[in-house]
Amino acid sequence: MPTRRRPVTAEQARRIAVRAQQLDGSARGVLETVRRLGFLQIDPIAAVAPAHRLVLWSRLGPHDTGELDRLLWAKRKLFEWNAFVWPIESLPLIRALMRRYRRANTTARERWVRDFLEQNAGFRRYVLRELERRGPLLGRELEDRTGRGRLGHRWWGNRQVGLMLEMLHRRGQLAVVGRRTGQRLWDLAERWYPETETIPVREAERILAEQRFRALGVRLEKGEWHAHPDVSDAPVPERVTLLSPFDRLVHDRDRAEALFGFRYRLEMYVPPAKREYGYYVLPLLVGDRLVGRAEPRFDRKSRTLELLGAWGDTSRLDEALAELAAFLRAQLV
C-alpha cells in the first residue's frame, strides 16, 4: 500500500525534514542513527573528515569514532556495499538489488559490464580463487589479468583489478570485510554476509523507497510539500552544526533550495577562478534554517582546523567550529 502522507506548509516541511534527519539533537548512538537514516554515503574526499563520519558528527557531536568501525568489522551490525554503509537489517533488501545487477542488461553501461565480465572470465575466476585461498586481500595484492591494453580509467587507473572487484561486489559475490591503511579488504561474500530471507526485487525497492521517504520526512509533489505521517513537525531546537556536502538534508540540491531557499553547489571540480565560494564548503544549519556556509580545512599532520572562508549569517559559526575541532581532536586556528 502507498504510504499515507499529509500536505504541509513550507515552514512545517523544514521542521519535519530536520527532525527526520535527526539534526534536531535527538540522535542517540551510531547504530541507531544509521538505522534511522537508512544508510551513510562514503566519499573519498576528506578535506575535513570522511563524509560518512561528518554526517554522524553533525547529529551526534563529538563521539567515539571507533564505534563505527566496531559496528562494521567486529559486531557486524553494519555493512558496506556500493559506497554506502547500511544496517545489517537491510541486507535482504540489498541482496535483491544485487540480484537485479546480475540480471541487468538494458542500459549501455549494464551491457558494457556484462561484456567485460564475459571477456575476462579467466580473470574473474582468478580473483575469486585467490580470495577463496588467501583472502581477505587488498586490491593491490591481486594481479591484473585482463590480458588486454590498459584503459587508464578515471577511478581505477591503469589496473583493472579495482574495476573487477567493484563489479563482483555490486553483484553480491564479494564483500568489503575491513580496512587496512584506509584501503578496502575484500573477501568472498558467502564468508562474510549472514544468511537472510529472499525478498523479490520490486518489494525490496518499495521498502527502500518507503525508508527513504521516512528518512527525508517530506517531498515536493506538484508544488506542494507532503510529509511522512511518522515525523513530527514540532518546533526544532536552535541547535547549530555544519553539514557534509553529502548530507541527505542537502544532497538533493534542488530540494534543498526549494525547502530552505538556500542555493548550494559543491565546487570541488570547478576551476578555482570560477568558484563562487570554495573547494569544500559546508552549509551551516541553525535550528531549521540553513543560514550560511563555511570552508574549514583540517591539517592532519599539525592537527589544526583552519577556517578558509565564511559567508552568510555566521554569528554562531564559532560554536560549530569548536565542536568540530573537538571531534577531530584538533586545535582551531
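Report on the accompanying structure. (Residues numbered from 1 in each chain as written. Predicted model: local features only at pLDDT ≥ 70, side-chain atom pairs only at ≥ 80, totals over all residues. Heavy atoms only, no water.)

**A few points about the overall build of the protein**
Counting its regular elements, the protein contains twelve helices and 14 strands. The C-alpha radius of gyration computed for the protein amounts to 21 Å, which stays within 12% of the reference 20 Å derived for 333 residues, consistent with globular compactness. Taken along the three principal axes of its C-alpha coordinates, the protein extends 60 × 55 × 40 Å. Out of the 333 residues belonging to the protein, those deemed buried represent 49%. For the protein, the proportion of contacts with a sequence separation of at least 24, taken over those separated by at least 6, is 61%. Carbon and sulfur atoms make up 48% of the accessible area of the protein, which amounts to about 16,600 Å² in all. Both charge centroids of the protein, one from 62 positive and one from 44 negative side chains, sit 4 Å from each other. (Helix = DSSP H or I, 4+ residues; strand = E, 2+ residues; numbered from the N terminus. Rg over C-alpha atoms; globule rule 2.2 N^0.38 Å. Buried < 20%, exposed > 50% of the residue type's maximum accessible area, 1.4 Å probe, protein only. Contact = heavy atoms within 4.5 Å. Areas by Shrake-Rupley, 256 points an atom, 1.4 Å probe, with all protein chains shown as cover. Lys, Arg positive; Asp, Glu negative; His and termini not counted. Charge placed at Lys NZ, Arg CZ, Asp CG, Glu CD.)

**Observations regarding the pattern of salt bridges**
When the charged atoms of two side chains lie near each other, side chains of opposite charge can form a pair. Scanning the model with the defined rule gives 22 salt bridges in all. As a salt-bridge pair, Arg 265 and Asp 254 come within 3.7 Å of each other at their nearest N and O atoms. Here Arg 265, found in the loop between α11 (253-260) and β11 (282-286), pairs with Asp 254, found in helix α11; they are eleven residues apart in sequence, far enough to count as distant. Look at Asp 254 and you get exposed, because its relative accessible area is 55%. Salt bridges sharing common partners tie together Asp 64, Glu 67, Arg 70 and Lys 75. (Salt bridge = Lys/Arg side-chain N within 4 Å of Asp/Glu carboxyl O.)

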